[in-house]
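As a plain string of letters, each chain reads:
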Amino acid sequence: MDTAPSAQPATTTPAAGNRRRVATAAALASAVEWYDYFVFGIAAALVLGDLYFPAGSPTAGVLASFATFAVGFLARPIGGIVAGHLGDKRGRKPMLVLALTLMGVATTGIGLLPTYDTIGVVAPILLVLLRVAQGVAVGAQWGGAMLLATEYAPEGKRGVYGSVVQLGVPIGVVTANTVFLVAGALTTDSAFAAWGWRVPFLVGLLVLGLAWYIHTRVEETPAFREAERALAEKEKTEQSSPLRTILRGHLGTVLLAGGSFAVNTATFYILITGVLDYTTRELDMKKSAVLTVSLCVSLTQLVLIPAAAALSDRVGRIRIYALGAVGIALWAVPLFLLIDTGSLLWLAVGTFVASCFLSIMYGPQAALFAELFTPEMRYTGASLGYQIAAVAGGGLAPFVMVLLLEATGTSMAVSGYIIVLSVIALISIKVLADRARAAEPAAEPAAEAESAG
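Let me begin by describing the structure that accompanies this report. These figures come from a predicted structure and were not determined experimentally.

## Points about the packing of aromatic side chains
Move 1: Overall, the coordinates contain 7 aromatic pairs when judged by the stated rule.
Move 2: With centroids separated by 6.1 Å and ring planes inclined at 90°, the aromatic side chains of Tyr52 and Trp197 adopt a geometry described as edge-to-face. Here Trp197 lies in the loop between helix 8 (189–194) and helix 9 (199–202) and Tyr52 lies in helix 1 (residues 16–52), a separation of 145 residues in the sequence. Here the two residues Tyr52 and Trp197 agree in accessibility, since each one is buried.
Move 3: Relative to Tyr362, the ring of Phe261 lies with its centre 5.8 Å away and its plane at 20°, an arrangement referred to as stacked. In this pair, Phe261 sits in helix 13 (residues 251–281) while Tyr362 sits in helix 16 (residues 344–371), placing the two residues 101 residues apart along the sequence.
Move 4: For Phe261, a relative accessible area of 1% translates into the label buried.
Move 5: Tyr362 sits in the buried class, given a relative accessible area of 6%.
Move 6: One aromatic cluster in this structure is built from Phe261, Tyr362, Phe369 and Tyr386.
Move 7: Over the ring of Phe192 we find Lys287; its NZ or CZ atom is 4.3 Å from the centre of that ring.

## Focus on unusual backbone geometry
Move 1: Phi at Asp284 is positive, roughly 60°, even though this residue is not glycine.
Move 2: Considering the arrangement of structural elements, one finds Asp284 in the loop between helix 13 and helix 14 (287–315).

## So, the nonpolar core
Move 1: Judged by nonpolar contacts, the single largest core of 123 residues is most densely connected at Trp197 and Phe369.
Move 2: It is helix 1 that contributes the most residues to this core, 18 residues altogether.
Move 3: Apart from residues lying up to four places away in sequence, Trp197 is in contact with Val47, Leu48, Leu51, Tyr52, Ile110, Phe180 and Phe192.

## Let's talk about the packing of helix 13 against helix 14
Move 1: Two elements in contact, helix 13 and helix 14, have axes whose closest approach is 10 Å; the angle formed by their N-to-C orientations is 150°. Overall, the two elements helix 13 and helix 14 adopt an arrangement that is roughly antiparallel. The hand of the helix 13/helix 14 crossing is right-handed. Contacts between helix 13 and helix 14 involve Ile272, Leu276, Thr279 and Thr280 on the former and, on the latter, Lys287, Val290, Leu291 and Ser294.
Move 2: In the contact of helix 13 with helix 14, the residues fall into 4 nonpolar, 3 polar and 1 charged.

## Some thoughts on the side chain of Arg158
Move 1: Inspection of the secondary structure assignment puts Arg158 in helix 6 (residues 158–166).
Move 2: You can call Arg158 buried: its relative accessible area is 15%.

## So, the environment of Leu304
Move 1: Its place among the elements puts Leu304 in helix 14.
Move 2: The spacing of Leu304 and Gly363 is 59 residues in sequence and 7.7 Å in space, taken between C-alpha atoms.
Move 3: Excluding its chain neighbours within four sequence positions, the residues that come into contact with Leu304 are Cys356 and Ser359.

## Section: the environment of Tyr116
Move 1: Relative to the assigned elements, Tyr116 resides in helix 4 (residues 116–119).
Move 2: Between the C-alpha atom of Tyr116 and that of Pro54, which follows or precedes it by 62 residues, the distance is 7.8 Å.
Move 3: Aside from chain neighbours lying at most four places away, what touches Tyr116 is Leu51, Tyr52, Pro54, Val121, Ala123 and Pro124.

## Side note on the pattern of salt bridges
Move 1: A full pass over the atoms with the stated rule returns 7 salt bridges.
Move 2: We note a salt bridge from Asp277 to Arg281, for which the minimum N-O separation is 2.9 Å. Highlighted residues: Asp277 and Arg281, both in helix 13, separated by 4 residues, approximately one helical turn.
Move 3: A relative accessible area of 23% means that Arg281 is categorised as partly exposed.
Move 4: The partner of Lys430 in a salt bridge is Asp434, with the nearest N and O atoms 2.9 Å apart. Within this pair, Lys430 and its partner Asp434 are both found in helix 19 (residues 412–452), separated by 4 residues, close to a single helical turn.
Move 5: You can call Asp434 partly exposed: its relative accessible area is 32%.
Move 6: A single salt-bridge network, built from bridges that share partners, covers Arg158, Asp313, Arg317 and Glu371.

What counts and how
- Residues numbered from 1 in each chain as written.
- Predicted model: local features only at pLDDT ≥ 70, side-chain atom pairs only at ≥ 80, totals over all residues.
- Heavy atoms only, no water.
- Phe/Tyr/Trp six-rings, centres within 6.5 Å; stacked < 30°, edge-to-face > 60°.
- Helix = DSSP H or I, 4+ residues; strand = E, 2+ residues; numbered from the N terminus.
- Buried < 20%, exposed > 50% of the residue type's maximum accessible area, 1.4 Å probe, protein only.
- Lys NZ or Arg CZ within 6 Å of the ring centre and 35° of its normal.
- Core = buried A, V, L, I, M, F, W, Y, C linked by side-chain atoms within 4.5 Å.
- Contact = heavy atoms within 4.5 Å.
- Axes fitted to C-alpha atoms, helices over the stretch in contact; angles between N-to-C directions.
- Parallel < 35°, antiparallel > 145°, perpendicular 65-115°, else oblique.
- Left-handed = near helix turned anticlockwise from the far one by under 90°.
- Nonpolar A, V, L, I, M, F, W, Y, C, P; charged D, E, K, R; others polar.
- Salt bridge = Lys/Arg side-chain N within 4 Å of Asp/Glu carboxyl O.

Rendered as structure tokens:
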């Protein structure tokens, strides 16, 4: 394998039925959590600027709306740190249940929130606070769902099992776009602006039911139970803190993980949020048509993500991961040349190819990040790496895109932004690969001694 080695303790092999139940629960948790998160991005591009940030120009309203969207990303490391620390000490499952509950309450709250015209400046303040809660929730969720899946995975299939959690992203996008399309089709423009946009947020109530199911029906992972025993022994002689361990000895790995993934999350949010605003506001394309393209492209990821993950189980995580990053860099310019034609067909082609490269990276990413850290600090380390990428890439990407378009007047500036992030990703991947190769000679004698015993 070409990733950094991680200690996977020997535990009792879970039953196949239990594995499937856990994998299904993790996938559903990821899907509903990302659905709740993505409906805000779509609403930010379509209606929130006018309803909560009235301003002198449409661009100013969109910038304010996207800034609120970005606030959720700034909050994600908080969720990752708190849930990671507690998840490594108290268990993966309780943190996932807590994250789902917080997301369900916050999303429903946005759906019920009065607008600026009704309660004035209190409306955008409450909107920002609820978005922060969403960010904390999704920051806590990813590590819990990912570890439930990967730590139950059979030998040689960690990539495939991790990909079921990654599928939550395209499922969330498809579901969010579908609900918005249906709400738009069943209402007039004025009715949609008045109340139709709220319907997708009120679906967030369903998350609470899933949280209860996981709480009552899903068992803690074998890897955590083994790590918990080791931590209990360690705490008898010293104060153990997964976060302190990460910050003192593994911060470089966390930063490299974040640097390797920022281009993926930035390009993804440019495609589903920034492009939606750009094509409807600047290119006069129909909202329903652009949403339909986004929906169809996301459907293809349901096949591509697990395929890339399965391939990574055979040929190595980093090889597949790097291939996706190279593809994103090479496609950044053609992507916007096609979008700028204003043709729905070329929009579909451009975003589909970009989505293929994103899927190639995203498929093995869960397993790759899990394997960078040992079980007793895995929730903290993997979550921090992911959420740093989310802040540096995804959260700011739509905002940066609007600023670049306004400042330069050309979409090629956005392509340049993606290329810069791609270069950072490839450098980070190269360093991670070099570290993995350097660690292999030390790992092999230990493995030989274990097999001899």
